[in-house]
Amino acid sequence: MPGIERCVSEIVTRHGADPSQLLQILIQVQDVIGYLPADCLSLIAEALDLPRARVEGVAGFYSFLHSRPVGRYRILFSDNITDRMLGAPALMQALCSKLWVEPGKLSEDGLVSITTTSCTGMCDQGPAALINGRPVTRLDHRRINEIAELVRQQVPVSAWPAAFFNVEDNIRRRDALLASTAAPGDALRAAIRVGREGWLTEMERSRLRGRGGAGFTTAVKWKACRDADGADKVIVCNADEGEPGTFKDRVLLASHADLVFEGMTLAAWATGAQKGFMYLRGEYRYLLEHLQAVLERRRAAGLLGAGIRGQAGFDFDIDIHLGAGAYVCGEETALLESLEGKRGTPRIRPPFPVTHGYLGRPTVVNNVETLAKTTLVALEGGEAFAATGTAQSTGTKLLSVSGDCAYPGIYEYPFGVSIERVLEDCGASDAQAVQAGGASGVLIAGYEFHRRVAFEDVPTAGAFMVFDSGRDAFEIARNFVDFFAHESCGFCTPCRVGTSLLKGYMDKLASGHGAKPDLADIEWVTRLLKNASHCGLGSSAPNPVIDTLVKFRPTFERRLESLHFEPAFDLDAALATARRITGRDDAAAHLDRKKETQR
Amino acid sequence: MTRRFMFDGQPVAFEDGQTIMEAARAAGHFIPYLCWHPDFPPHGSCKLCIVKVGGRHVSSCALPAKEGMEVESNTPEINAERRALLQMLFVEGNHFCPSCEKSGNCQLQALAYELEMTSARFNHIFPDRPVDASHPDMLLEFNRCIFCELCVRASRDVDKKSVFSLTNRGIHKHLVVSAESGRLGDTDFSRDDLAANICPVGVILRKRVGFAVPIGQRIYDEKPISQVSMEAEK
Amino acid sequence: MTRPKLRIATTSLAGCFGCHMSFLDIDEHLFELVELVEFDRSPLTDIKHCGPCDIGLIEGGVCNAENVHVLREFRNNCKTLIAVGACAINGGLPAQRNHLELGACLREVYEFRDGLSGGQVPNDPELPLLLDKVHPIHEVVRVDYFIPGCPPSGPTIWKFLSDLIAGRTPRLTHSLMHFD
């Protein structure tokens, strides 16, 4: 097809035929063609002089890349537990039946495909969906009817009512960061004044720790990168906010992008890096244009580019790379692989990114919120920054509050705030549990609500999902187990197979085939995941199940069919095909467990 | 002065840059592995080589040895976990040994013998990945793949052909060949490639050499893998 | 003091009786064995139903409804249930049909095969219906031990049984461990 050839050649050329741009090229080619047919992958491989298998390997890794045709309207319902609680499954079912399409399948006329996707980061205004990559929020039956009509009449998504795509910030509580009135460049001015060394000293004094979850001290990272061999250092902003229930980075990027880019530039000032990347999750692609505009404005203002703020030798600029639906790319080494245009498989550590990161260069990878916070350090000074928070967790923390509460949204608190306090502020009067830190975080039960949000007590990357007494903790855990089975990169044995086995056990219990020994098996598999996994995704994947089994065990026990043994499949249903083929329906054509009592 | 760490209670000397696996092997200690290969950098996917260092599990193939480390390897706890990892590999594939030409020469099977794995314990997934018999000399039985990527690495780094790659992810991850048709016969793969001779299990097989050595007289029928593997070290 | 004899039952489900043949390969140990055990349901006795037993040996996987009934009968009556051989442990050869759709498989055999014009899939109520997949026995009932091999050798079976009868947890040394 000459059309495809021209499209591929144009896009590859635009990216300098650079193999490290493979993922970006695949995304853009798909934008034009709709999917990535086999011949198209061959063309891309040829144009980049890459083995075809590598291109196919990358194309197959990301959820948002398709090897088969998808609908001209591609509707992805966010499948986080908070979306489910707001009725997403029923809405998806309703839309499917209105449009005569089965979930996960392409309609016969190629018009529409409808399925689920991992959390899209709209938990404060769900249920949400992505329609041709654009977020639609606050779905209800009325909106579903309207969408069905628009699809039927083949109205282009760009002509749909703007209100559908309205994404609110929902900032409910502002503290140091969200109340900041600093103008673009203010923080840089302050940091330049104290010199590169002085700036790093301020960062050390601030004791700022990473807001992405792991809590590594930012200054230590920066210093290690600065001191690493190699002049071509890199700053990466991890904007792959994929943790279910987290959406604070969305708000920072939408309304405080200058703080984030300024933070990246501050990191460049400290480390001497000249190259920066923002890795933006595919779900937040709707922010791309806005972010590009902010970058453009900063370049024009002399806050990016050569000689930043007139400082000779301070050269730094930022590119934005898109992800394409892979939670694991939030893991920093998987992110780097993805940034290099590869499958998002986490690397072996050591070596760490600070010495061997993007293309082997010394690289700092920081979370969006962490980078934004560095502007406060520059403006207030390290000591003043460290005056808020707790001994081991300085400064403030943005919480993404969602679930069963009156006022979901973004809350900024000094570290050390109690769970109780947050619940009170967000209007959660009947909470039985809080999932702090998202799917990989901790499930906090009612008797622990006195605990505090801080690295030394309840660490969290920002998610704060509230569950009231009407919710079933088993279903919460099951949702997260599904999530991890879907998002496992499949590199290491325990995570690839273990998350799938775990899903099998949870489905078995959910379908009423559970037996007591299954609980022991679940505990055994969770232990293997925890101990033997290659990266943080695998080792934290069992967290929700472990916590729920400890704190809400009866929700598992009440699903047990037997105390001894129960097959994972329905034996009678397994005879259905044979019954159909033979036309039999006599007593011997069925299997009834109850009639044959088991010891 | 030689630097040492403790391996199952015994001192093991190591040189700078050596991993736990390399140093332990040089000192005569076998650690189970599937994706590790002496001629390639560590890969770390199979996790059979997990050991415990200071209470934490690590991949011994990838972690550099350090002075004074206390490494636990051949313990009931670690071996039980390794056995479970083998069981996971067995249920995710279709490992019907009696019909496999690799039986007796298969490292997955040999490790199962070594670690006394008598059953796969978990529920079988029964994958359905079609066999590729398009190549004149070689056969691909994808249902036995353990994702060690030795063929991927050998073909890319040694043969310079990049015939293989993995695509998709999670439990749906699978091996593909570098051809638009998806057929091995349409690649420049050759029976003399390193990649054609490195598969530790029965995915990449030669045609027309079936059962030249009878079952019962093959490598791991004669000796346990712990012995065979360490003889190669000498 | 003489110990009471242990009661053993054996059966083959979706298997080839190869494991039973291998059992007979323990040769002269059979004389020792009958001093220690007596047989309940087994092809050796032709007893049709299993009564209360100490040990049940199951050969073969679970491919049809009758296999399920027999397996449950064994599980309900045997204190210790042992999966013997590849088919019982992982479905074995019969499970190699698992990637085929059962309906297509049956029609291919009974309706479309050369020389079978007008044939139909047998539907006599006497015949047990096939399950859509063949399963190892541990996916249908709880199993206590597994003796791998296709078949396990006579010495393997003897080592396992003699350990079990003597009250030792059975272990198979390298030369007795085989999956083929």
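Residues numbered from 1 in each chain as written. Chains lettered and ligands numbered in written order. Predicted model: local features only at pLDDT ≥ 70, side-chain atom pairs only at ≥ 80, totals over all residues. Heavy atoms only, no water.

### Here's the deal with the overall build of chain B
Turning to step 1, where the next piece is worked out: On a plain count of helices and strands, chain B comes out with 6 helices and 9 strands.
Turning to step 2, where the next piece is worked out: What you see for chain B is a C-alpha radius of gyration of 18 Å, in line with the 17 Å of a compact globule of 234 residues.
Turning to step 3, where the next piece is worked out: The dimensions of chain B, computed from C-alpha atoms along their principal axes, are 55 × 40 × 35 Å.
Turning to step 4, where the next piece is worked out: Taken over 234 residues, chain B has a buried fraction of 60%.
Turning to step 5, where the next piece is worked out: Nonlocal contacts in chain B, meaning residues at least 24 apart in sequence, comprise 64% of its contacts between residues at least 6 apart. (Helix = DSSP H or I, 4+ residues; strand = E, 2+ residues; numbered from the N terminus. Rg over C-alpha atoms; globule rule 2.2 N^0.38 Å. Buried < 20%, exposed > 50% of the residue type's maximum accessible area, 1.4 Å probe, protein only. Contact = heavy atoms within 4.5 Å.)

### Comments concerning the interface of chain A and chain B
Turning to step 1, where the next piece is worked out: Each partner contributes residues to the interface: chain A has 43 residues there, and chain B has 42 residues.
Turning to step 2, where the next piece is worked out: Considering only the side of chain A, the residues that lose the most area to chain B are Phe 491, Arg 496 and Trp 524 of chain A, jointly responsible for 18% of the buried surface there.
Turning to step 3, where the next piece is worked out: Counting across the interface, chain A meets chain B through 5 salt bridges.
Turning to step 4, where the next piece is worked out: Note that Glu 77 of chain B and Arg 527 of chain A form a salt bridge whose closest N and O atoms lie 3.9 Å from each other.
Turning to step 5, where the next piece is worked out: Run the count over chain A and chain B and you get 23 residue pairs in polar contact (both at pLDDT 80 or more).
Turning to step 6, where the next piece is worked out: Mapped onto the side of chain A that touches chain B, the elements with two or more residues apiece are helix H3 (38–48), helix H4 (52–59), helix H18 (473–487), helix H19 (493–510) and helix H20 (516–532) of chain A.
Turning to step 7, where the next piece is worked out: No other element matches the 8 residues that H19 of chain A contributes to the side of chain A that touches chain B.
Turning to step 8, where the next piece is worked out: Broken down by class, the residue content of the side of chain A that touches chain B amounts to 20 nonpolar, 14 polar and 9 charged. (Buried area = accessible area lost by both parts, 1.4 Å probe. Salt bridge = Lys/Arg side-chain N within 4 Å of Asp/Glu carboxyl O. Polar contact = N/O pair within 3.5 Å; in protein donor to acceptor, adjacent residues only side chain to side chain. Nonpolar A, V, L, I, M, F, W, Y, C, P; charged D, E, K, R; others polar.)

### Quick notes on the sheet that holds strand S12 (residues 431–436) of chain A
Residue and element names in this part refer to chain A.
Turning to step 1, where the next piece is worked out: Pairing is mixed across the open sheet formed by 6 strands, whose spatial order is S5-S11-S10-S14-S12-S13. Either end of the sheet is taken by a strand with one partner, and the two such strands are strand S5 (171–173) and strand S13 (442–445). Along the sheet, successive strands turn relative to each other by an average axial angle of 30°, direction set aside.
Turning to step 2, where the next piece is worked out: Here S5 runs beside strand S11 (residues 409–414); their pairing, made up of 2 bridges, is parallel. Opposite Ile 171, over in S11, you have Ile 410 as the bridge partner. (Pairing = 2+ DSSP bridges. Axes fitted to C-alpha atoms, helices over the stretch in contact; angles between N-to-C directions.)

### Quick word on the environment of Val 260 of chain A
Turning to step 1, where the next piece is worked out: Of note, Val 260 of chain A is situated in helix H12 (residues 257–271).
Turning to step 2, where the next piece is worked out: Considered as a pair, Val 260 of chain A and Ala 372 of chain A are 112 residues apart in the sequence and their alpha carbons are 4.5 Å apart.

### Considering unusual backbone geometry
Turning to step 1, where the next piece is worked out: Across the junction of Pro 350 of chain A and Pro 351 of chain A, the peptide omega takes the value 0°, indicating a cis bond.
Turning to step 2, where the next piece is worked out: A cis geometry characterises the amide bond from Cys 150 of chain C onward to Pro 151 of chain C, with omega recorded as -5°.
Turning to step 3, where the next piece is worked out: Its identity is not glycine, yet Asn 170 of chain A carries a phi of approximately 50°, on the positive side.
Turning to step 4, where the next piece is worked out: In this structure, Asn 170 of chain A sits in the loop between helix H7 (141–152) and S5.
Turning to step 5, where the next piece is worked out: A positive phi angle, near 50°, is found at Arg 207 of chain A, a position not held by glycine.
Turning to step 6, where the next piece is worked out: When its relative accessible area of 40% is taken as the criterion, Arg 207 of chain A is described as partly exposed.

### Here's the deal with helix H6 (residues 225–233) of chain B
All names here are of chain B.
Turning to step 1, where the next piece is worked out: Residues of H6 that are buried: Ile 225, Ser 226, Ser 229 and Met 230. Looking down the long axis of H6, one finds its buried residues gathered within 120° of arc, a one-sided arrangement.
Turning to step 2, where the next piece is worked out: The inward-facing, buried residues of H6 abut helix H1 (20–26), helix H3 (107–114) and helix H5 (219–222). (Arc of directions from axis to C-beta.)

### Some points on the packing of aromatic side chains
Turning to step 1, where the next piece is worked out: If you walk through the whole model with that rule in mind, you get 22 aromatic pairs over all chains.
Turning to step 2, where the next piece is worked out: Considering the side-chain rings of Phe 90 of chain B and Phe 179 of chain C, the 5.8 Å spacing of their centres and the 85° angle between planes classify their relative orientation as edge-to-face. Highlighted residues: Phe 90 of chain B in helix H2 (residues 76–92) and Phe 179 of chain C in the segment after helix H6 (154–166), drawn from two different chains.
Turning to step 3, where the next piece is worked out: For Phe 179 of chain C, a relative accessible area of 8% puts it in the buried group.
Turning to step 4, where the next piece is worked out: The ring of Phe 165 of chain A has Arg 134 of chain A lying over it, and the distance from NZ or CZ to the ring centre is 3.9 Å.
Turning to step 5, where the next piece is worked out: Between Arg 281 of chain A and the ring centre of Tyr 284 of chain A, over which it is positioned, the NZ or CZ distance is 5.1 Å. (Phe/Tyr/Trp six-rings, centres within 6.5 Å; stacked < 30°, edge-to-face > 60°. Lys NZ or Arg CZ within 6 Å of the ring centre and 35° of its normal.)

### A look at the interface of chain C and chain B
Turning to step 1, where the next piece is worked out: The partner chain B presents 27 residues to the 24 residues of chain C that form the contact.
Turning to step 2, where the next piece is worked out: Between chain C and chain B, the buried area comes to about 2200 Å², and carbon and sulfur atoms account for 61% of it.
Turning to step 3, where the next piece is worked out: When the buried area of chain C at its contact with chain B is split by residue, His 174, Phe 179 and Asp 180 of chain C rank highest and sum to 32% of it.
Turning to step 4, where the next piece is worked out: At the boundary of chain C and chain B, one finds 1 salt bridge.
Turning to step 5, where the next piece is worked out: Where chain C meets chain B, there are 8 residue pairs in polar contact (both at pLDDT 80 or more).
Turning to step 6, where the next piece is worked out: Of all elements in the fold, only helix H4 (86–90) and strand S6 (130–135) of chain C reach the threshold of two or more residues within the side of chain C that touches chain B.
Turning to step 7, where the next piece is worked out: By residue number, the principal contributor to the side of chain C that touches chain B is H4 of chain C, which donates 3 residues.
Turning to step 8, where the next piece is worked out: For the side of chain C that touches chain B, the class distribution of residues is 12 nonpolar, 8 polar and 4 charged.

### Observations regarding the sheet that holds strand S4 (residues 56–59) of chain B
Residues and elements named next belong to chain B.
Turning to step 1, where the next piece is worked out: Pairing within the open sheet is mixed, and its 5 strands lie in the order S2-S1-S5-S3-S4. This sheet does not close on itself; its edge strands, each paired only once, are strand S2 (10–14) and S4. Pairwise comparison of adjacent strand axes, ignoring direction, gives a mean angle of 40° for this sheet.
Turning to step 2, where the next piece is worked out: Relative to strand S5 (residues 70–72), strand S3 (residues 50–53) runs antiparallel, the two sharing 2 bridges. Bridged to Lys 52 within S5 is Glu 72.

### Here's the deal with the domain arrangement of chain B
Residue and element names in this part refer to chain B.
Turning to step 1, where the next piece is worked out: The assigned domain composition of chain B is domain 1 (3–74) and domain 2 (99–222).
Turning to step 2, where the next piece is worked out: The distance between the C-alpha centroids of domain 1 and domain 2 comes to 26 Å.
Turning to step 3, where the next piece is worked out: Counting from both sides, the interface comprises 11 residues of domain 1 and, opposite them, 16 residues of domain 2.
Turning to step 4, where the next piece is worked out: Summed over both partners, the interface of domain 1 with domain 2 comes to about 1100 Å²; 72% of that surface belongs to carbon and sulfur atoms.
Turning to step 5, where the next piece is worked out: One can count 0 salt bridges joining domain 1 with domain 2.
Turning to step 6, where the next piece is worked out: Scanning the region where domain 1 abuts domain 2 turns up 4 residue pairs in polar contact (both at pLDDT 80 or more).
Turning to step 7, where the next piece is worked out: Looking at side-chain class alone, the side of domain 1 that touches domain 2 contains 8 nonpolar, 3 polar and no charged residues. (Domains from an automatic or database assignment.)

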